[in-house]
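Summary of structural features
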Amino acid sequence: MKPAPFDYVRADALGEALDALHEAGDEARVIAGGQSLVPMLNMRLARPSVLVDITRVCELQRIEQRKGQVFVGAAVRQAELERWAPLAGLLPMIAAMMPWVGHAQTRSRGTVCGSLAHADPSAELPLALLALGGEMHLRNRRKKRVLAASAFFMGMMATAVEPGEMIEAVAFPAHPMGTGTAFREIARRHGDFAIVACAAIARPDGTNRLAVGGVADTPQAIDLPDPSDDGFEDALNEFAWSLGARDDLHASARYRRDLVRSLGRQTVKEAISCRS
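Everything in this summary refers to the structure shown in the same document. Computed from a predicted model, the values in this text were never measured in an experiment. (Residues numbered from 1 in each chain as written. Predicted model: local features only at pLDDT ≥ 70, side-chain atom pairs only at ≥ 80, totals over all residues. Heavy atoms only, no water.)

Concerning the nonpolar core
Side chains of a nonpolar character, in soluble globular proteins, are inclined to be buried together. For the record, the criterion: Residues belong to one nonpolar core when they are buried, are Ala, Val, Leu, Ile, Met, Phe, Trp, Tyr or Cys, and are joined through side-chain atoms within 4.5 Å. Partly exposed describes any residue whose relative accessible area lies between the buried limit of under 20% and the exposed limit of over 50%, with all areas from a 1.4 Å probe on protein chains only and scaled to the type maximum. What counts as a helix is a DSSP run of H or I of at least four residues, what counts as a strand is a run of E of at least two, and both are numbered from the N terminus. Residues are treated as being in contact if the distance between any of their heavy atoms lies within 4.5 Å.
Ranked by size, the top nonpolar core spans 58 residues in total, and within it I54, I94 and V170 carry the most contacts. Examining the composition of this core, we find that 7 residues originate from one element, helix α8 (residues 124-132), more than from any other. Sequence-distant contacts of V170, defined by excluding residues within four places in its chain, comprise V70, F71, V72, V112, C113, L116, L129, E135 and M136. By size, the runner-up hydrophobic cluster in this structure holds 25 residues, among which are V215, F232, A240 and L243.

Re the pattern of salt bridges
Worth spelling out the cut-off: Any Lys or Arg side-chain nitrogen found within 4 Å of a carboxyl oxygen on Asp or Glu counts as a salt bridge.
Taken as a whole and judged by the stated rule, the model has 14 salt bridges. The residue D192 makes a salt bridge to R189 at a minimum N-O spacing of 3.0 Å. We classify D192 as buried; its relative accessible area is 18%. Classification of R189 as exposed rests on a relative accessible area of 58%. Among the ionic contacts, a cluster of salt bridges with common partners joins R145, E162 and E165.

Observations regarding the packing of aromatic side chains
The condition that has to hold: Here is the rule: rings of Phe, Tyr and Trp (six-membered ring for Trp) pair when centre to centre is within 6.5 Å. Planes less than 30 degrees apart are stacked, more than 60 are edge-to-face, and the remainder are tilted. Either the NZ atom of lysine or the CZ atom of arginine qualifies as a charge over a ring when it sits within 6 Å of the ring centre and within 35 degrees of the ring normal.
Counted under the stated rule, the structure contains 2 aromatic pairs. Ring centres of W100 and F183 lie 6.5 Å apart, and the angle between their planes is 70°; this geometry places the pair in the edge-to-face category. Taken together, the residues span a long stretch of sequence, with W100 in the loop between α5 (92-97) and α6 (104-107) and F183 in strand β11 (residues 180-186) at a distance of 83 residues. When the ring of F152 is compared with that of F153, the centres are 5.1 Å apart and the planes differ by 75°; the resulting orientation is edge-to-face. Under the relative-accessibility criterion, F152 is labelled buried at 0%. Residue F153 is classed as buried on the basis of its relative accessible area of 9%. Just above the ring of F71 sits the side chain of R66; from NZ or CZ to the centre is 3.8 Å. Sitting over the face of the ring of W241, R257 holds its NZ or CZ atom 3.9 Å from the ring centroid.

Digging into the environment of E124
With respect to the helices and strands, E124 occurs in helix α8. Considering only alpha carbons, one finds E124 and C198, 74 residues apart in sequence, at a separation of 9.1 Å. Not counting residues within four places of it along the chain, the set of residues in contact with E124 comprises M97, W100, V101, F183, E185 and D192.

Here's the deal with the sheet that holds strand β2 (residues 28-31)
To be explicit about the condition: Strand pairing follows a simple DSSP-based rule, namely that at least 2 bridges must link the two strands. Axis geometry follows a simple rule: fit a line to the C-alpha atoms, using only the stretch in contact for helices, then measure angles between N-to-C directions, giving values from 0 to 180 degrees.
Taken together, 3 strands build an open sheet; the order of strands is β1-β3-β2 and the sheet is parallel. Each edge of the open sheet carries a strand with a single partner, namely β1 (7-10) and β2. Here the strands of the sheet are splayed against their neighbours by 25° on average, with no regard to which way each runs. Relative to strand β3 (residues 50-53), β1 is paired through 4 bridges, and the arrangement is parallel. In the sheet register, V9 faces β3, and the bridge partner there is V52.

Description of the sheet that holds β11
Pairing in this open sheet of 4 strands is antiparallel, and the strands run β11-β12-β13-β14 from one edge to the other. Both edges of this open sheet fall to β11 and β14 (220-224), since each of them pairs with a single strand only. If you compare each strand with its neighbour and ignore which way they point, the axes differ by 15° on average. The pairing of β11 with strand β12 (residues 196-202) spans 7 bridges and is antiparallel. When the sheet's bridge partners are listed, G180 is paired in β12 with A202.

Let's talk about the side chain of T111
To keep it simple, the criterion reads: Between N or O atoms, a polar contact is any pair within 3.5 Å; within protein, one atom must be a potential hydrogen donor and the other a potential acceptor, and residues adjacent in sequence are included only when both atoms are from side chains.
Locating T111 in the fold gives a position in the loop between α6 and α7 (112-118). Within the structure, T111 has its side chain in polar contact with the backbone nitrogen of G114 (distance 2.9 Å). Other than its neighbours up to four places away in sequence, T111 contacts A32, G33, A74, A75, V76, R77 and Q78.

Considering the pairing of β14
With 5 bridges connecting them, strand β13 (residues 208-213) and β14 associate as antiparallel partners. The partner of R209 across the bridge, within β14, is D223.

Here we look at helix α10 (residues 231-242)
Spelled out, the test is: Given a helix with a known number of residues, its expected span is that number minus one, times 1.5 Å. It is the directions from the helix axis to the C-beta atoms that the arc portrays.
Look at α10: 16 Å from first C-alpha to last across 12 residues, which is about the 16 Å you get at 1.5 Å a residue. Within α10, the full set of buried residues consists of F232, L236, F239 and A240. The buried residues of α10 occupy one face: seen down the axis, they fall within an arc of 100°. Turned more than 90 degrees away from the buried face of α10 sit D234, E238, W241 and S242, all of them exposed. Those residues of α10 hidden inside the fold are in contact with β13, β14 and α11 (253-273). Count one or two residues on from α10 and you reach G244, which has phi positive near 65°.

So, in structure tokens, the structure goes:
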């Protein structure tokens, strides 16, 4: 299929993009890499009347470290973040995760913020945002606002971005000393969306955060004790059931729950072993 007709605006400055979004309101969509949006346009699952291209906006092409956070602009491609020299030191979880995000070809075009805006519950970057406690920086022509991951993801492929608004950047907290992180994923083939993906953070105080993607409509997270504690297995089991896994073409609900338990346990233990 081919997309429905639309007008195309190639913005050369952030203000130009915001003006176009303001004028078109909920009839507009932002395009950068297009790896998620273009297939939806072709299948007519998305039918905007205006596409606003932000790939040439210099303000959105930056990766910056400031105030204990790493800011990734809305036009930064996944491959650019993957190649960013400080990534492994500042964001080790994302460094481990990036080779699992699609394929090299899609990472060379797809953007970090585009994957977050698409909000596929099986995608790796939304999982990282929730696990790390990152923030989405949004703005329209009049104001800016910042949303935590838990407030940004509203449901399957649904976010809190309002008409006339766009993602300006995502901010990930830099890796704190004494913390360990780990990421594991099960997919049918490398590069496919995850059947279950787990990201874990082992904190210096002995508590652990486990985030799971691919099961519920949005990534979900829980704080867990040390795996050696009596309550760990019960808490992990309750969490696996709370995600409301469903049977589909790729896996049964039971298999997904089993993966949450086994993969979750392994990921937490790996994060603990990586604490430094």
